[in-house]
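# Results of the structural survey
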Amino acid sequence: MSRLESASGVKSIASLKRGLEVLRAIDRACAGTFSELQMQTVLPKATLARVLKTLGEAGWIRHHARTGRYSLVPGASVPSSSTASHARLSGLSADIRVTLQRRIPWPTDLGIRDGAAMLSVDGPYAGNGMSANFSVLGSRPSMLRSSLGRCYLSFCSEDDRKDILAALARSRVEADRAGLHPDELRRMIAMVRHQGYATRSAAHASVDSPERFGALAVPVLRGDHAVACICVVWIPAIATEEQIVHNYLAPLRDAADALGEKIRRAGWAPDRA
């Protein structure tokens, strides 16, 4: 019996847990077949079929008869299953990000992979000096357009990259699919790895989109591959990319190196469950 159950006398609902597990599996894959979802959730076929039927009737998912895949309906949002892992990373990075913010007056953010997008672990830190309200940037930056995503995609493992690109090809977001040009991706990855940082792409963004803000990200490495990324966000009308690189790339790299070492000593790894 869990501490919460013993304290409240209320039992958890197993069917609800299974439903959330299936929703998360669909979200991670952007769209999955019955077989793929069963492999991820390890649920019996009959149980999975009932869960999918219930989620469909409740308006959370839709089934695409032509491809046989299940996807979330537009606008549906699924809570993360990795809260404890994210909280641990947030704790490991807290003092490093405080130190970083003393050196950078613009908001900084820490992101990790979340399916086919990135996840802002605990939101942008406010700057010490001039800054803007960046809360509108959202908690799941795009893998192909955000600096966090482009940085992660460039420095992650080959298997991770293949998994991400396959999921993006099934994405419900047209801009995700439109950005999957093999030659452009290869050039982007080569450039990011050469310079050691990624910047945000404003492609497919409206004039008033938060993606029009400038952003620059560096990888947090564990061994040879990225497990997270740290970025700084600024207003291009106030500072140029060249100024950001000159003034703040070194502090970002120092913070990323310090967090990478702390992660290695702590044995932390992203939760892909």
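Conventions we followed
- Residues numbered from 1 in each chain as written.
- Predicted model: local features only at pLDDT ≥ 70, side-chain atom pairs only at ≥ 80, totals over all residues.
- Heavy atoms only, no water.
- Axes fitted to C-alpha atoms, helices over the stretch in contact; angles between N-to-C directions.
- Helix = DSSP H or I, 4+ residues; strand = E, 2+ residues; numbered from the N terminus.
- Parallel < 35°, antiparallel > 145°, perpendicular 65-115°, else oblique.
- Left-handed = near helix turned anticlockwise from the far one by under 90°.
- Contact = heavy atoms within 4.5 Å.
- Nonpolar A, V, L, I, M, F, W, Y, C, P; charged D, E, K, R; others polar.
- Pairing = 2+ DSSP bridges.
- Buried < 20%, exposed > 50% of the residue type's maximum accessible area, 1.4 Å probe, protein only.

Per an unreviewed UniProt entry, the recorded name for the protein chain is IclR family transcriptional regulator C-terminal domain-containing protein, and the organism is Burkholderia anthinoferrum.

### Brief notes about the packing of helix 3 (residues 34–41) against helix 4 (residues 45–57)
Contact pair helix 3 / helix 4: the axes reach a minimum separation of 11 Å and the direction vectors enclose 110°. Between helix 3 and helix 4, the crossing angle belongs to the class labelled roughly perpendicular. As helix 3 runs across helix 4, the sense of the crossing is right-handed. Contacts between helix 3 and helix 4 involve F34, L37, Q38 and T41 from the former and K45, L48, A49 and L52 from the latter. Of the residues in the contact of helix 3 with helix 4, the class split is five nonpolar, two polar and one charged.

### So, the packing of helix 6 (residues 147–155) against helix 7 (residues 158–169)
Interaxial distance between helix 6 and helix 7 falls to 8 Å at its minimum, and their mutual angle equals 130°. By the angle class used here, helix 6 and helix 7 are oblique. Residues Y152, L153, S154 and F155 of helix 6 pack against D160, R161, I164 and L165 of helix 7. For the contact of helix 6 with helix 7, a count of residues per class yields five nonpolar, one polar and two charged.

### Points about the sheet that holds strand 1 (residues 32–33)
With antiparallel pairing, three strands are arranged side by side in an open sheet as 1-3-2. Because the sheet does not close on itself, it has two edges, and the strands there are strand 1 and strand 2 (61–64). Pairing between strand 1 and strand 3 (residues 69–72): two bridges, direction antiparallel. Of the residues in strand 3, the one forming a bridge with G32 is Y70.

### Examining the sheet that holds strand 7 (residues 214–222)
Reading across the sheet, the five strands line up as 5-4-8-7-6 and stay open at both edges, with antiparallel pairing between neighbours. Two strands bound the open sheet, and with one partner strand each, they are strand 5 (117–120) and strand 6 (198–199).

### Considerations on the environment of Q38
Within the element layout of this structure, Q38 appears in helix 3. A relative accessible area of 22% places Q38 in the partly exposed class. Each C-alpha atom, one on Q38 and one on V22, is 8.8 Å from the other, the two residues being 16 residues apart in sequence. Discounting chain neighbours no more than four positions away, the residues touching Q38 are L43, P44, K45 and L48.

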